[in-house]
Amino acid sequence: EIDKHRGTRAVVAGRGRGARGDRSRMGGRPSSPLDKQQRQHLRDQMDTLLRNFLPCYRRQLAASVLRQISRELGPQEPAGSQLLRSKKLPRVREHQGPLTQFRGHPPRWQPIFCVLRGDGCLEWFSHKEEYENGNRPLGSTALTGYTLLTSQREYLYLLDALCPASLGDRTQEEPDSLLEVPVRFPLFLQHPFRRHLCFSAATREAQHAWRLALQGGIRLRGTVLQRSQAPAARAFLDAVRLYRQHQGHFGDDDVTLGSDAEVLTAVLMREQLPALRAQTLPGLQGAGRARAWAWTELLEAVHAAVLAGASAGLRAFQPEKDELLATLEKTIRPDVDQLLARVAGRMRTDIKGPLESCLRQHVDPQLPRVAQTLLDTVEALLEVVRTLLAQGMDRLSGHLRQSPSGTRLRREVYAFGEMPWDLGPMQTCYRETERSRGRLGQLAAPFGFLGMQSLMFAAQDLAQQLMADAVATFLQLADQCLTTALNCDQAAQRLERVRGRVLKKFESDSGLVQRRFIRSWGLCIFLPFVLSQLEPSCRKELREFEGDVLAVGSQALTTEGIYEDVIRGCLLQRIDRELKKALGASDVSCTLDGCLEVPWEQEEVSRLGEQLFQNSLCLPEKSSANCFRSGFHRDSPVFLVPLTEGLSHSMGTLSSHSIWSFQPSLRQ
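If you check an unreviewed UniProt entry, the protein chain appears there as Niban apoptosis regulator 3 from Saimiri boliviensis boliviensis. Recorded under Sequence similarities (unreviewed entry), the UniProt text for the protein chain is reproduced unchanged: "Belongs to the Niban family."

Encoded structure:
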């Protein structure tokens, strides 16, 4: 725990340097109120956490590799994904423009130039020229864990709640506080463990554009581990959950949003926050919102120190982790899952009584409503995705029928390829998830589930990935189906057939991802609760199985892991039963005749499309005069120009993949 007097004196005196990556000042106070001894204390706290966490992480790495091997050797799903998997990495579109920021000493609104990078990091500069010249920003921050508010009243209410004991001292503040001056188009970024960032846009349109961009960056940074299919990522998330269970925290929440270092930082910050508040808030100078500013500044410094310790500790563990993963893949016995099944069968028999009693009493009454609400959420979301997808494909066919202009068509192809990452139309999908947030939160809260933000982000990631896969599939099949002998109308007809095939594939994959989503989040809601209910009665019975588990001789098996697998299996049986009632028979697998489906780098569409749009190889806009003078006819054949390396000196080095470049050909 941080010494009370040291923390108070540091905040008042303003000792220390600014945290790296965020050099702006808020409320007129320097950005690091911690001295060297306090920072060392926080590093020691993180070292202690890592000593307790890493053994759990090692065990989960082994278990995760075992699960991966079991999936590879075991029976495959009868109906796998029909859509091609997009190889385009998740990102946000870089967004930039002028804003004003509440900063300085004394704090006031000052003009800045802000840039949101594609990786979800926000930077701000004094002028646009500073950014264009490659100078260092005034400040920067990763958007992990932030919440965006566009209501000044709502933000001030939140700020007042940070230091409720000081509300009676509001009369000491100046009556015309800068934060109380109305801001027309505000953008407030609030974080539970960091300094708040206050921006303002010049127009409502600019505010809307920044809101979409910032929300996309927050989600991108938050779900980096959840999106990963790597065994190490799953092992890390499971290890965090188990570590917190050992600390007595069984409910699921949003602590796992962010990178591995950011997650461990959030875990320690939550552990330290009560003591930090108790020791430092009484000694902070100022009153009301001035004290709240000082509190967020202290949190920023503590967060920076803890994050540095977590990053250093995980970097030091990386070589050991790499070696462990390589060894596990070679040494895990192929029959270990059979040995696991025998131990699990005995354990299931021993805990059947209390487990069934808990499930019947607590889970069964609420599971149908939770499962149906999850299903309704995903169905509504994917219906909007399907609508946007169909509209995008229709636009391409329509433009091809109406105009063979290469310029316009290339622009449309580029826009279609970018649609999954275009926050404008995709926001229509994401809003569907928010409609059920309150209902889901009410149903899940009695089970200790507080991870609604994580659930919403997961649903939005699902929608974006499915849209990206569908777009990649359409473009790939279109390349295969269009030939040099087709005119515009014939090519449009081919595209319409491809449209139908892609929508069938989309329907098949929609059913698949719905089931996966509901199973996954049903477990997130109910599994920690069931474990907490069985903790007193079943934990003692596990000791008699330790000898059998040790006899297997595999670090991938632990008594605790088998115990959780048994409970997970029983829960999944109940969740699947509810899904069967709601969904009926499984969707029929959809395959396309005569269509070669191979992995395809969709990322080339965006890059090539942008180059094509700027290239001079495009045709002029269609008009009857242009067609006549060129000797071309509306019904002339069109051909697909492969844009391969060396096609044009001005194009540079291109991929061997092609993008549509329709162009009338001269009849011989």
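Following the structure, the description resumes.
Turning to the overall build of the protein chain, a few remarks are in order. Along its length, the protein chain carries 20 helices and nine strands. Intrachain contacts of the protein chain at a sequence separation of at least 6 include 78% that bridge at least 24 residues. Element-wise, carbon and sulfur atoms account for 51% of the exposed surface of the protein chain, whose accessible area totals about 30700 Å².

Another aspect to go through is the environment of A290. As for its position among the elements, A290 is in helix α9 (residues 289-331). Each C-alpha atom of the pair A290 and L159 lies 9.8 Å from the other, and the pair is 131 residues apart in sequence.

Before going further, it helps to spend a moment on the side chain of H196. For H196, the position within the fold is in the loop between β6 (186-190) and β7 (197-200). According to the relative accessible area criterion, H196 is buried, its value standing at 1%. Within the structure, the side chain of H196 is placed 2.9 Å from the side chain of Y155, a separation counted as a polar contact.

Our focus in this paragraph is the packing of aromatic side chains. Within this structure, the stated rule accounts for 16 aromatic pairs. Centroid distance F102 to W109: 5.4 Å. Interplanar angle 55°. Geometry classified as tilted. For W109, a relative accessible area of 24% puts it in the partly exposed group. The rings of F53, Y57, F236, Y243 and F317 are connected pair by pair, giving a single aromatic cluster.

With that out of the way, let us pick up the pairing of strand β1 (residues 95-103). Sheet topology note: the β1/strand β2 (residues 108-116) ladder contains nine bridges and is antiparallel. Residue pairing in the sheet places G97 in a bridge with C114 of β2. The hairpin turn running from β1 into β2, its antiparallel successor, is four residues long, and G104 in that turn takes a positive phi close to 100°. Note that β1 and β7 share two bridges and pair antiparallel. Paired with Q101 across the bridge in β7 is F199.

A word on the nonpolar core. Counting residues in hydrophobic clusters, the biggest one holds 150 residues, and the most contacted among them are F53, Y57, L264, L389, V530 and I567. Non-local contacts of L264, meaning those with residues more than four positions away in its chain, are made with M46, L49, L50, F53, F236, V240, A310 and L314. Among the nonpolar cores identified, the runner-up in size contains 23 residues, and W124, L143, I218 and L220 belong to it.

This paragraph deals with the environment of M393. Relative to the helices and strands, M393 resides in helix α11 (residues 367-402). Expressed as a C-alpha distance, the spacing of M393 and V498, which sit 105 residues apart in the sequence, is 9.2 Å. In this view, M393 contacts F416, F474, R499, V502 and L503; residues no more than four positions away in its chain are not counted.

A separate point is the packing of helix α4 (residues 152-162) against α9. Relative orientation of the contacting elements α4 and α9 amounts to 75°, with a least axis distance of 8 Å. By the criterion of interaxial angle, the relationship of α4 to α9 is roughly perpendicular. For the pair α4 and α9, the contacting residues are Y155, L156, L159, D160 and L162 in the first and R289, A292, W293, W295 and T296 in the second. Residues that form the contact of α4 with α9 fall into these classes: seven nonpolar, one polar and two charged.

Consecutive residues of a regular strand have side chains that alternate between opposite faces of the sheet. Counting buried residues along strand β3 (residues 121-125), four of its five residues qualify, which places the element largely inside the surrounding structure. Here four bridges tie β2 to β3, and the two strands are oriented antiparallel to one another. In the sheet register, V115 faces β3, and the bridge partner there is E123. Counting the residues between successive antiparallel strands, the hairpin from β2 to β3 contains four residues, one of them, G120, with a positive phi of roughly 85°.

Quick notes on the rules
- Residues numbered from 1 in each chain as written.
- Predicted model: local features only at pLDDT ≥ 70, side-chain atom pairs only at ≥ 80, totals over all residues.
- Heavy atoms only, no water.
- UniProt positions renumbered as here; feature names shortened; annotations may be inferred.
- Helix = DSSP H or I, 4+ residues; strand = E, 2+ residues; numbered from the N terminus.
- Contact = heavy atoms within 4.5 Å.
- Areas by Shrake-Rupley, 256 points an atom, 1.4 Å probe, with all protein chains shown as cover.
- Buried < 20%, exposed > 50% of the residue type's maximum accessible area, 1.4 Å probe, protein only.
- Polar contact = N/O pair within 3.5 Å; in protein donor to acceptor, adjacent residues only side chain to side chain.
- Phe/Tyr/Trp six-rings, centres within 6.5 Å; stacked < 30°, edge-to-face > 60°.
- Pairing = 2+ DSSP bridges.
- Core = buried A, V, L, I, M, F, W, Y, C linked by side-chain atoms within 4.5 Å.
- Axes fitted to C-alpha atoms, helices over the stretch in contact; angles between N-to-C directions.
- Parallel < 35°, antiparallel > 145°, perpendicular 65-115°, else oblique.
- Nonpolar A, V, L, I, M, F, W, Y, C, P; charged D, E, K, R; others polar.

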